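# Report on the structure
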Amino acid sequence: QSYILKKEFKDFFKFGGFPELILSDSLELKNKIINNYFDSVLYKDIIDRLRIKNIKLVEITLKYLLNLFGNTFSISSYENYLKSNKISYSLEDLYNIFKSLEDVFMISFLKEYSKSYKKTEFSKSKVYVFDSAYIHFLAREAEDYGRILENLVFIELFRRNNEIENKNIFYSNSSNRECDFVISNKGKVTNAIQVCYSINEKNKEREVNGLIEAMNRFNLKEGLIITNEQEETIKIKEKKIRVIPAWKWFLT
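What you see is a predicted model; the values in this text were computed from it and never measured. (Residues numbered from 1 in each chain as written. Predicted model: local features only at pLDDT ≥ 70, side-chain atom pairs only at ≥ 80, totals over all residues. Heavy atoms only, no water.)

### A short note on the confidence of the model for the protein chain
When pLDDT is averaged along the protein chain, the result is 92, and 97% of the positions lie at 70 or above. Across the protein chain, the element-wise mean pLDDT spans from 64 in helix H7 (residues 117-121) up to 98 in strand S7 (residues 222-227). (pLDDT = per-residue confidence, 0-100. Helix = DSSP H or I, 4+ residues; strand = E, 2+ residues; numbered from the N terminus.)

### Considerations on the pairing of strand S8 (residues 232-236)
Looking down a regular strand, the side chains alternate between one sheet face and the other. The pairing of S8 with strand S9 (residues 239-245) spans five bridges and is classified as antiparallel. Residue Ile234 lies in a different strand from S9, and its bridge partner there is Ile241. The antiparallel hairpin formed by S8 and S9 contains two residues in its connecting segment, where Lys237 sits at a positive phi of about 55 degrees. (Pairing = 2+ DSSP bridges.)

### What to know about the packing of aromatic side chains
Applying the stated rule across the entire model yields 30 aromatic pairs. Here the aromatic rings of Phe73 and Tyr78 are separated by 6.0 Å at their centres, their planes lie at 50 degrees, and the arrangement is tilted. Just as Phe73 is buried, Tyr78 falls in that class too. Lying across the ring of Trp249, Arg160 places its NZ or CZ 4.2 Å from the centre. (Phe/Tyr/Trp six-rings, centres within 6.5 Å; stacked < 30°, edge-to-face > 60°. Buried < 20%, exposed > 50% of the residue type's maximum accessible area, 1.4 Å probe, protein only. Lys NZ or Arg CZ within 6 Å of the ring centre and 35° of its normal.)

### Concerning helix H4 (residues 55-67)
Helix length check: H4, at 13 residues, gives a terminal C-alpha distance of 19 Å against a target of 18 Å (1.5 Å per residue), a fit within 8%. Within the sequence span of H4, burial applies to Leu57, Val58, Ile60, Thr61, Leu62, Leu65, Leu66 and Asn67. (Expected span 1.5 Å × (residues − 1).)

### A short note on unusual backbone geometry
Not every positive phi belongs to a glycine, and Lys86 is a case in point at roughly 55 degrees. You can see Lys86 is positioned in the loop between helix H5 (75-84) and helix H6 (91-103). On the accessibility criterion, Lys86 (76% relative accessible area) is exposed.

### Notes on the pattern of salt bridges
Any two side chains of opposite charge can pair, given that their charged atoms come close. Per the counting criterion, the structure on display carries 13 salt bridges. For Glu178, the salt bridge identified is with Lys126, shortest N-O distance 2.9 Å. Within this pair, whereas Glu178 is found in strand S5 (residues 177-185), its partner Lys126 is found in strand S3 (residues 125-129), the two being separated by 52 residues in sequence. Measuring nitrogen to oxygen at the nearest pair gives 3.6 Å for the salt bridge that ties Arg177 to Glu213. Of this pair, Arg177 sits in strand S5 while Glu213 is found in helix H10 (residues 204-217), placing the two residues 36 residues apart along the sequence. On the basis of relative accessibility, which here comes to 38%, the residue Arg177 falls in the partly exposed class. (Salt bridge = Lys/Arg side-chain N within 4 Å of Asp/Glu carboxyl O.)

Structure, rendered in structure tokens:
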């Protein structure tokens, strides 16, 4: 049974969750379907709905964000990118595009956690894409499995949150140690989650320390590291870290 579950998760990891895409056997047809979805979002959901005449700006913005999945986004850096490529824009158009991409569940922006509302709102956002099929077929770094796994974990956390807007999921950055996700409930952080495709000697200290930093910051006794296949329990003083394979975590 675990073999079947792992295989299903592998397909989900690679091709996302669109039923039409999953049920299609041909890779060529899958590619055609996801490109049609992309064009539909681009033209119907953004350009037509917002009546934006600057089509090039919409297309470049969507592709820019798509390739940024799992990384931080800065509006000032993006403005510099547009200027250096001599692409005309208005901030009003940009913010309308960002909002619409969230409204149609194409892109989500994750804020850094802070008790200060102002600091949270003006923090750099991390970008996530609502289906990994877009990443696999359209992104330049479609083989970055660590970022793809992190993206999938975000989608599942958003689904479990069961709200139209994300108000409870953040990332944490303290003492230059980042924790991928912290979950807030009524203003109190209740969970800290790190995502790492494969834990090895090179990254173990960084991943564990980032999680421990968040656990100390929010006074948590347990933390979670989601991996592709590894499973173990790590105990550091009074702290307990569960390492769990993604396919198992998705079923909990």
